[in-house]
Amino acid sequence: MLICTECGRENREGRRFCGACSAALATACGQCGFANDAGESFCGGCGSALATRAQAERRQLSVMFCDLVSSTELSTGLDPEDLRDVITRYQATTAEIVEELGGMVAQYLGDGVLVYFGYPTAQEDDARRAVWAGLRIIDGVRTLGIRVPGHGTLRLQVRVGIHTGPVVIGKVGGGAHTEQLAVGETPNVAARVQGQAAAEELLVTEDTRRLLRGAFSTEEVSSTTLRGLDRPMVLFRVLGPAAGHKALDEDALVGREEEQRRLSEAWSGAAEGRGKAVLVGGEAGIGKSHLVHDFRSRLAAGEHEWIEGECSPIFQGTDFFLGGHLLRRSLGWDDHDREETRLAKLLAATEAIGADAVTVQLVAGALDLALPPEDFPPLPLTPGQRRSKTIEAALGLILGPVDGPPRVLMLEDLHWIDPTSRQLVEQLLVSGIESRRLLVLMTARPTEWLEPLDGFERIALRRATPASVREMAVSFAKGRALPDELLDLVAKRTDGVPLFVRELTRSMLESGRLRETRGGYELIGALPELDVPSTLQDSLMSRLDRLENAKPVAQVASVLGRRFDSRLLAAVTGLGAEVLDAELGRLVDAK
């Protein structure tokens, strides 16, 4: 256990900040494991630089404010002891959900809760995690069912607001009471957005909605000038998780002609009964989803079935997450289907592949579908037997009838796959798909578990050439010409990563630094430095946070510029040549 030197509380191993007072905990050396006191810069065991956090740090956060509805009425109607119990249960529910999704409870403000996503460790999907947390908190608080003597069972409700933007975060306060708090406009906006929400409603700003990338269904609520701000903000109500494929822009695919040809050939063979599996692989932002989206748009409508499932870092620990999605879509379940409708679809699909009642029971159990006990008595299976037979039953339904229409199974982001679904995919690849009218299309970043497997074709996406980068940038500008000096700068700054090209180009188009002309765009004034767009900040910060000891080296180097003398970097950081070379090597490897 780690003992907090500020308040004395015991914290579990792995925590970087105290769960009671948020003070920094002991820092374990990434080189030798020696436990150093919080705030030390160099390891007492080997002398290496430690990943110490600065007094304050500028970064992007998704800030969530959650507030208990009708708290004033509760405080006047309940005994203080009962009120304390209600608020404690509500806060505990909120904290559990927030921590599970990688957030940090920054403050309890009476009946309000202030939450950060993106600190102390950023994730590339912090905005989505914040929205998931908000939806789950609304459901969790609603179902608490707190019984209070003389008042029966209370039905609690909350309202939630989320905004994403830049902050400076660090220790504030003085004397015996200090906290890690974010300052800037972002927390204030989040609080104002929460104030606009109705009971059991989650509102987000456009800055947050843009980062959701189609993962949730939203609807515009209003454009309003929030108190304390001098500009109107558009607010959106989050309705729930989006159904179907992730939203992608209809941008032209540039420089992927060979990959397009290989996918088309694979589909042509699969449609004729020569099934195949293809893995589209590459680093984050390289264009895997864009290539798949382009391939799907080229398929003739009505001549095939498209069944997809997407893995998620949020649900990487959720058993059978990918498999469950594939099953629901293979069965044709709709979110609004009643239980009897879902059972009817399951029975029809089971009959179509010639399976028995055992398959129905196993799949129903995996999908939490209730069955009439008089028709389906319990199966005498051990947990291990049930697991293996469930995977087998699910695979039969996902593959579908042998004589069915051509089918595409789209398995996206397999680097985030859950363990049970991984077993399903491994069995899928050796299930004889080569004799079916089936194309198994997979995407993944470099991941160890896929490396030794065979039975599928690999399409590795490479970074774009400078010429392709320039063509991409123009396509993102809807085909309108861009200044040559801007195109050169985009090519230089993005290193051929298509996602970076798109976001930097759009950032410039929205910056007000370009003027439309008859032939395209021209610069207003001198060529500016390109800021990192908000759509990339979470991804880049999450990579930096994972670098531990190398992170402060990267931060100093970023101040020196894209090119610098290693002797200057050594002088500023105070690191020895051997240690500095090791940390620079980690940065190069992480590129």
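Residues numbered from 1 in each chain as written. Predicted model: local features only at pLDDT ≥ 70, side-chain atom pairs only at ≥ 80, totals over all residues. Heavy atoms only, no water.

**Let's talk about the pattern of salt bridges**
Line of reasoning, step 1. For the coordinates displayed, the defined rule picks out 33 salt bridges.
Line of reasoning, step 2. Among the ionic pairs, E206 bridges to R210, the shortest N-O distance being 3.9 Å. Of the two residues, E206 and R210 both sit in helix α5 (residues 206–212), 4 residues apart, roughly one turn of that helix.
Line of reasoning, step 3. Residue classification places R210 among the partly exposed residues on the basis of a relative accessible area of 34%.
Line of reasoning, step 4. Between R502 and E503 there is a salt bridge, and its shortest N-O distance comes to 2.9 Å.
Line of reasoning, step 5. Judged by its relative accessible area of 15%, R502 falls in the buried class. (Salt bridge = Lys/Arg side-chain N within 4 Å of Asp/Glu carboxyl O. Helix = DSSP H or I, 4+ residues; strand = E, 2+ residues; numbered from the N terminus. Buried < 20%, exposed > 50% of the residue type's maximum accessible area, 1.4 Å probe, protein only.)

**Structural notes on the packing of aromatic side chains**
Line of reasoning, step 1. One pass over the structure, following the stated rule, counts 4 aromatic pairs.
Line of reasoning, step 2. Here W132 and F216 contribute two aromatic rings whose centre-to-centre distance is 5.4 Å and whose plane-to-plane angle is 70 degrees, an arrangement assigned as edge-to-face. In this pair, W132 sits in helix α3 (residues 126–142) while F216 sits in strand β13 (residues 216–224), placing the two residues 84 residues apart along the sequence.
Line of reasoning, step 3. W132 gets classed as partly exposed once you look at its relative accessible area, which sits at 21%.
Line of reasoning, step 4. F216 gets classed as buried once you look at its relative accessible area, which sits at 6%.
Line of reasoning, step 5. Ring centres of F295 and W306 lie 6.3 Å apart, and the angle between their planes is 45 degrees; on these two criteria the pair is classed as tilted. With a gap of 11 residues between them, F295 in helix α7 (residues 288–298) and W306 in strand β16 (residues 305–310) connect regions that are remote in the sequence.
Line of reasoning, step 6. F295 gets classed as buried once you look at its relative accessible area, which sits at 5%.
Line of reasoning, step 7. Judged by its relative accessible area of 14%, W306 is buried.
Line of reasoning, step 8. Through a chain of ring-to-ring contacts, the aromatic side chains of W132, F216, F315 and F321 assemble into a single cluster. (Phe/Tyr/Trp six-rings, centres within 6.5 Å; stacked < 30°, edge-to-face > 60°.)

**A word on α3**
Because an α-helix packs 3.6 residues into every turn, residues spaced three or four apart end up facing the same way.
Line of reasoning, step 1. Between its first and last C-alpha, α3 extends 24 Å over 17 residues, near the 24 Å set by a 1.5 Å rise per residue.
Line of reasoning, step 2. α3 sits mainly inside the fold: 12 of its 17 residues count as buried.
Line of reasoning, step 3. Residues of α3 that are buried: D126, A127, R129, A130, V131, A133, G134, L135, I137, I138, G140 and V141. (Expected span 1.5 Å × (residues − 1).)

**Brief notes about the environment of L453**
Line of reasoning, step 1. Mapped onto the fold, L453 is located in the loop between β18 (438–444) and β19 (457–460).
Line of reasoning, step 2. Accessibility expressed as a relative area gives 24% for L453, which makes it partly exposed.
Line of reasoning, step 3. Separated by 77 residues in the primary sequence, L453 and F376 have C-alpha atoms spaced 38 Å apart.
Line of reasoning, step 4. For L453, the residues in contact, after removing those within four places along its chain, are E426, L429 and R458. (Contact = heavy atoms within 4.5 Å.)

**Comments concerning the environment of I524**
Line of reasoning, step 1. Along the chain, the position of I524 falls in the loop between β21 (521–523) and α16 (534–545).
Line of reasoning, step 2. By relative accessible area, which is 40% here, I524 ends up partly exposed.
Line of reasoning, step 3. For I524 and G512, which are 12 residues apart along the polypeptide, the C-alpha to C-alpha distance reads 8.3 Å.
Line of reasoning, step 4. Aside from chain neighbours lying at most four places away, what touches I524 is G512, R513, L514 and R515.

**Regarding the sheet that holds β16**
Line of reasoning, step 1. The sheet built from 5 strands is open, its strands ordered β16-β17-β18-β15-β19 with parallel pairing. Across the chains shown, the open sheet's two edge strands, defined by having one partner strand only, are β16 and β19. Put simply, the sheet's adjacent strands are angled 15 degrees from each other on average, direction ignored.
Line of reasoning, step 2. Note: strand β15 (residues 276–281) against β19, 4 bridges, orientation parallel. Paired with V280 across the strands is I459, a residue of β19.
Line of reasoning, step 3. Most of the contacts of α7 go to β18, to which it runs at about 155 degrees, and overall it touches β15, β16, β17 (407–412) and β18.
Line of reasoning, step 4. Contacting β16 and β17, helix α8 (residues 321–331) runs over the sheet at an angle of about 155 degrees to β16. (Pairing = 2+ DSSP bridges. Axes fitted to C-alpha atoms, helices over the stretch in contact; angles between N-to-C directions.)

**Overview of unusual backbone geometry**
Line of reasoning, step 1. Y119 connects to P120 through a cis peptide bond whose omega is 5 degrees.
Line of reasoning, step 2. Mapping P120 onto the fold places it in the loop between β7 (112–117) and α3.
Line of reasoning, step 3. Backbone geometry at F320 places phi at a positive 65 degrees, although glycine is not the residue there.
Line of reasoning, step 4. Since its relative accessible area comes to 8%, F320 is described here as buried.
Line of reasoning, step 5. One non-glycine residue, D368, lies in positive phi territory at about 55 degrees.
Line of reasoning, step 6. Tracing the chain through its elements places D368 in the loop between α10 (357–366) and α11 (383–399).
Line of reasoning, step 7. Residue classification places D368 among the exposed positions, given a relative accessible area of 68%.

That is the geometry; function is a separate question.
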